[in-house]
Amino acid sequence: NAGVMQNPRHLVRRRGQEARLRCSPMKGHSHVYWYRQLPEEGLKFMVYLQKENIIDESGMPKERFSAEFPKEGPSILRIQQVVRGDSAAYFCASSPQEGKAFFGQGTRLTVV
Amino acid sequence: GESVGLHLPTLSVQEGDNSIINCAYSNSASDYFIWYKQESGKGPQFIIDIRSNMDKRQGQRVTVLLNKTVKHLSLQIAATQPGDSAVYFCAEIITGNQFYFGTGTSLTVIP
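All values derive from a computational prediction rather than experimental measurement.

The rules behind each value
- Residues numbered from 1 in each chain as written.
- Chains lettered and ligands numbered in written order.
- Predicted model: local features only at pLDDT ≥ 70, side-chain atom pairs only at ≥ 80, totals over all residues.
- Heavy atoms only, no water.
- Contact = heavy atoms within 4.5 Å.
- Salt bridge = Lys/Arg side-chain N within 4 Å of Asp/Glu carboxyl O.
- Polar contact = N/O pair within 3.5 Å; in protein donor to acceptor, adjacent residues only side chain to side chain.
- Helix = DSSP H or I, 4+ residues; strand = E, 2+ residues; numbered from the N terminus.
- Phe/Tyr/Trp six-rings, centres within 6.5 Å; stacked < 30°, edge-to-face > 60°.
- Buried < 20%, exposed > 50% of the residue type's maximum accessible area, 1.4 Å probe, protein only.
- Core = buried A, V, L, I, M, F, W, Y, C linked by side-chain atoms within 4.5 Å.
- Pairing = 2+ DSSP bridges.
- Axes fitted to C-alpha atoms, helices over the stretch in contact; angles between N-to-C directions.
- Disulfide = S-S within 2.5 Å.

Chemist: Could you give me a rundown of the interface of chain A and chain B, with the residues and numbers involved?
Modeler: Taken together, the contacts link 26 residues of chain A with 24 residues of chain B. Joining chain A to chain B, the criterion identifies 0 salt bridges. Connecting chain A to chain B are 4 residue pairs in polar contact (both at pLDDT 80 or more). When contributions to the side of chain A that touches chain B are tallied by element, the ones reaching two or more residues are strand 4 (31–37), strand 5 (43–50), strand 6 (53–56) and strand 9 (88–95) of chain A.

Structure below.
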């Protein structure tokens, strides 16, 4: 049973471009969470999704950020018109109906 | 509760000593708690969990204590080793699978 897979591991984008971060949850997990982490800081909750539904997006910036978890395929975190302040590590976690969440290795986004 | 983007508190311990990492949570409705370990450049890794109907749970070299009265959680690591150096996060889970992380503590083990 493969763990949570995130890709790419590293992503470089120029200011104004779009960034797409992918997360494939563990097999059998229907809950996905996205977190953002700046260097030397904690994990900041962004969004919690179940298949085809956004459950809690209270941590998502109102503009330029969106997330989805379609019926088929990975969860996508999309950042439009990236700015330097978007540079961070973005972690995805998945969990089964109830239970502990397992994390991926993260995508490190650098905006140049 | 939620990470508020503060710089991480740090803890330094001598190799072989016991470590105690503390976490205060915010929501009395939280019914499940997890400790995660994050090594540099990696994702958080599950260590141990505890449900709110328990006040203590032991794993291999680790013990989690839960005090619901003061909403406090602690992680005890016995005979700390250099490989234990990492950032440790507690997570509180409210019914419905809402995960919220504490600020984290950076543990450094001195050989």
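Moving on from the model shown.
Chemist: Can you tell me about the packing of aromatic side chains, naming the residues and giving the values?
Modeler: Residue and element names in this part refer to chain A. Taken as a whole, this structure holds 10 aromatic pairs over all chains when the rule is applied. Taking 4.7 Å as the distance between ring centres and 10° as the angle between the ring planes, the aromatic pair formed by Tyr33 and Tyr48 counts as stacked. With a gap of 15 residues between them, Tyr33 in strand 4 and Tyr48 in strand 5 connect regions that are remote in the sequence. Exposure class is identical for Tyr33 and Tyr48. Each is buried.

Chemist: How would you summarise the nonpolar core if you had to cite specific residues and measurements?
Modeler: Residues and elements named next belong to chain A. In this structure, Trp34, Met46, Leu77 and Tyr90 are the most contacted members of the largest nonpolar core, which totals 23 residues. Looking at this core, the elements that each hand over two or more residues are strand 3 (19–24), strand 4, strand 5, strand 7 (65–68), strand 8 (75–79), strand 9 and strand 11 (107–111). When neighbours within four sequence positions are excluded, Leu77 is seen to be in contact with Ala19, Arg20, Leu21, Trp34, Met46, Met60, Ser66, Ala67 and Tyr90.

Chemist: Help me get a handle on the environment of B:Tyr32, residues and values and all.
Modeler: All names here are of chain B. Of note, Tyr32 is situated in strand 3 (residues 30–38). The class of Tyr32 is buried, set by a relative accessible area of 4%. Considering only alpha carbons, one finds Tyr32 and Gly83, 51 residues apart in sequence, at a separation of 27 Å. Side-chain polar atoms of Tyr32 contact the side chain of Asp49, separated by 2.6 Å.

Chemist: An account of the sheet that holds strand 1 (residues 5–7) of chain A is requested, with residue identities and associated values reported.
Modeler: Residues and elements named next belong to chain A. A sheet is described by the order of its strands in space; here 4 strands give the open sequence 1-3-8-7, paired in antiparallel fashion. In this open sheet, the two edge strands, each paired with only one partner strand, are strand 1 and strand 7. Each strand axis lies, on average, 15° off the axis of its neighbour in the sheet, ignoring direction. When strand 7 meets strand 8, the two strands line up antiparallel, connected through 4 bridges. Of the residues in strand 8, the one forming a bridge with Glu68 is Ile76.

Chemist: An account of the state of the cysteines is requested, with residue identities and associated values reported.
Modeler: Residue and element names in this part refer to chain B. Per the counting criterion, the structure on display carries 2 disulfides over all chains. Two residues, Cys23 and Cys90, share a disulfide whose sulfurs are 1.6 Å apart. Here Cys23 is found in strand 2 (residues 19–24), whereas its partner Cys90 is found in strand 8 (residues 86–94), with 67 residues between them in sequence. The buried category is assigned to Cys90, whose relative accessible area is 6%.

Chemist: Talk me through the side chain of A:Gln37; I want residue IDs and the actual numbers.
Modeler: Within the secondary structure, A:Gln37 sits in strand 4. Contacts of A:Gln37, omitting those with residues within four sequence positions, involve A:Gly42, A:Leu43, A:Ala88, A:Ala89, A:Phe91, B:Gln38 and B:Phe89.

Chemist: How would you sum up the side chain of A:Ser94? Please name residues and give values.
Modeler: All names here are of chain A. By the element assignment, Ser94 lies in strand 9. Overall, Ser94 belongs to the buried group, its relative accessible area being 0%. A distance of 3.2 Å separates a polar side-chain atom of Ser94 from the backbone nitrogen of Met26. The contacts of Ser94, once residues within four sequence positions are left out, are Val4, Pro25, Met26, His29, His31, Val32, Tyr33, Lys100, Ala101 and Phe102.

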